[in-house]
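Residue strings, one per chain:
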Amino acid sequence: AAGVIQSPRHLIKEKRETATLKCYPIPRHDTVYWYQQGPGQDPQFLISFYEKMQSDKGSIPDRFSAQQFSDYHSELNMSSLELGDSALYFCASSFKISAGLVMNTEAFFGQGTRLTVV
Amino acid sequence: AQTVTQSQPEMSVQEAETVTLSCTYDTSESDYYLFWYKQPPSRQMILVIRQEAYKQQNATENRFSVNFQKAAKSFSLKISDSQLGDAAMYFCAFKREYGNKLVFGAGTILRVKS
């Protein structure tokens, strides 16, 4: 079965550079979530999109932005990178609405993008 | 705001034995979902089991089952017949019924001894 695809899997950037992480949700999933997991920590919610509109916002720095495109893939753009941004970034997707019914299924996670800022 | 607490930073179990991981949460919501996710060394987040708060029956998935106590706001995971492949970090997570985000606990590292 198709899963959530994230690219790249690994990324090394220098301080003050920018990075773009991509996420391709499971086909027919209408909701995308981004999470940040620092070393030894639990995942922290950053932002989510439902039907290409931002649906919720968590602890996402102003230096970060994200969007969901017409094909439902999503990109997380990170600027002015800091050492503390080094983390594993997860994308997840789920159904919210299917055939007019609120499904609100569980989120399925991609394999993550490991960002290292040096 | 919702909070999820996992009071056991680390647990160990002998292969083929049973282990229970604890999770408590705090919410004023009446309808919500609870999950257990497994994160092996590969760091992939894998859904283990899901429980809807409106269901009184405890969820079961093969060797994995939960003890959901809504009044006590407790949601423990029982792993029966533990296998070496069960060794991982386990996260308990909460989601409001119409919410978007998962709120995770700090995680419990499970070690399986052969």
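Computed from a prediction, not measured in an experiment: that's the story for all the values here. (Residues numbered from 1 in each chain as written. Chains lettered and ligands numbered in written order. Predicted model: local features only at pLDDT ≥ 70, side-chain atom pairs only at ≥ 80, totals over all residues. Heavy atoms only, no water.)

The next thing to look at is the packing of aromatic side chains. Considering all chains together, one arrives at 16 aromatic pairs over all chains under this definition. Between Trp36(B) and Phe75(B), the aromatic rings sit 6.2 Å apart at their centres with planes inclined by 25°, giving stacked as the arrangement. Placement of the pair is Trp36(B) in strand 5 (residues 32-39) and Phe75(B) in strand 9 (residues 74-79), with a sequence separation of 39 residues. Three or more aromatic residues joined by ring pairs form one cluster here, namely Tyr35(A), Phe45(A), Phe90(A), Phe109(A), Tyr33(B), Phe35(B), Tyr37(B), Phe91(B) and Phe104(B). (Phe/Tyr/Trp six-rings, centres within 6.5 Å; stacked < 30°, edge-to-face > 60°. Helix = DSSP H or I, 4+ residues; strand = E, 2+ residues; numbered from the N terminus.)

Further remarks concern the pairing of strand 7 (residues 64-68) of chain A. Residue and element names in this part refer to chain A. Of the two faces of strand 7, only one is covered, namely that formed by Phe64, Ala66 and Gln68; the face formed by Ser65 and Gln67 stays uncovered. Summarising the sheet, strand 7 and strand 8 (residues 74-78) pair through five bridges and their orientation is antiparallel. Bridge pairing in strand 8 links alanine 66 to leucine 76. The loop that links strand 7 with its antiparallel partner strand 8 comprises five residues; one of these, tyrosine 72, has a positive phi angle of about 75°. (Buried < 20%, exposed > 50% of the residue type's maximum accessible area, 1.4 Å probe, protein only. Pairing = 2+ DSSP bridges.)

Turning to the state of the cysteines, a few remarks are in order. All names here are of chain B. Evaluation of the coordinates by the stated rule reveals two disulfides over all chains. Here cysteine 23 engages in a disulfide with cysteine 92; their sulfurs sit 2.0 Å apart. Its S-S torsion of approximately -70° makes the covalent link between cysteine 23 and cysteine 92 left-handed. Of this pair, cysteine 23 sits in the loop between strand 3 (19-21) and strand 4 (24-26) while cysteine 92 sits in strand 10 (residues 88-96), and the two are 69 residues apart along the sequence. Comparing cysteine 23 with cysteine 92 shows no difference in burial state: the two are buried. (Disulfide = S-S within 2.5 Å.)

Next up on the list: the nonpolar core. With 26 residues, the main nonpolar core has Tyr25(B), Trp36(B), Phe75(B), Leu77(B), Tyr90(B) and Leu110(B) as its most contacted residues. Only strand 3, strand 5, strand 6 (46-52), strand 8 (64-69), strand 9, strand 10 and strand 12 (108-113) of chain B provide two or more residues apiece to this core. For this core, the leading source of residues is strand 10 of chain B, giving four residues. Residues in contact with Leu110(B), not counting those within four places in the same chain, are Met11(B), Val13(B), Val19(B), Leu21(B), Ile79(B), Asp86(B), Ala87(B), Ala88(B) and Tyr90(B). Counting 22 residues, the second-largest nonpolar core is a separate cluster that includes Val32(A), Leu46(A), Ala87(A) and Tyr89(A). (Core = buried A, V, L, I, M, F, W, Y, C linked by side-chain atoms within 4.5 Å. Contact = heavy atoms within 4.5 Å.)

Further remarks concern the pattern of salt bridges. If you walk through the whole model with that rule in mind, you get eleven salt bridges over all chains. In this structure, the salt-bridge partner of Glu10(B) is Arg111(B), at a minimum N-O distance of 2.6 Å. Linking Glu10(B) in strand 2 (residues 10-14) with Arg111(B) in strand 12, this pair joins segments that are 101 residues apart in sequence. By relative accessible area, which is 43% here, Glu10(B) ends up partly exposed. Arg111(B) gets classed as partly exposed once you look at its relative accessible area, which sits at 41%. Through salt bridges with shared partners, one network takes in Glu106(A), Arg50(B), Glu52(B) and Lys55(B). (Salt bridge = Lys/Arg side-chain N within 4 Å of Asp/Glu carboxyl O.)

Our focus in this paragraph is the sheet that holds strand 7 of chain A. Residue and element names in this part refer to chain A. Read from one edge of the open sheet, four strands run 1-3-8-7, paired in antiparallel fashion. The open sheet has two free edges, formed respectively by strand 1 (5-7) and strand 7, since each of these has just one partner strand. Pairs of neighbouring strands in the sheet enclose a mean axial angle of 15°, with direction left out of account. Sheet topology places strand 1 next to strand 3 (residues 19-24); three bridges connect them, and they run antiparallel. In the strand pairing of strand 3, isoleucine 5 is matched with tyrosine 24. (Axes fitted to C-alpha atoms, helices over the stretch in contact; angles between N-to-C directions.)

Interfaces are often sized by the amount of accessible area the parts lose when they come together. Taken together, the contact pairs 24 residues of chain A with 21 residues of chain B. Buried area between chain A and chain B, both sides added, is near 1,900 Å², and the carbon and sulfur share of it is 48%. Between Arg50(B) and Glu106(A) there is a salt bridge whose closest N-O contact spans 2.6 Å. Among the elements of the structure, strand 4 (31-37), strand 5 (44-50), strand 6 (53-57) and strand 9 (87-94) of chain A are those that each provide at least two residues to the side of chain A that touches chain B. For the side of chain A that touches chain B, the element with the highest residue contribution is strand 4 of chain A, accounting for four residues. Residues belonging to the side of chain A that touches chain B are distributed by class as follows: ten nonpolar, nine polar and five charged. (Buried area = accessible area lost by both parts, 1.4 Å probe. Nonpolar A, V, L, I, M, F, W, Y, C, P; charged D, E, K, R; others polar.)

Functional significance is not addressed by these values, which are geometric in nature.
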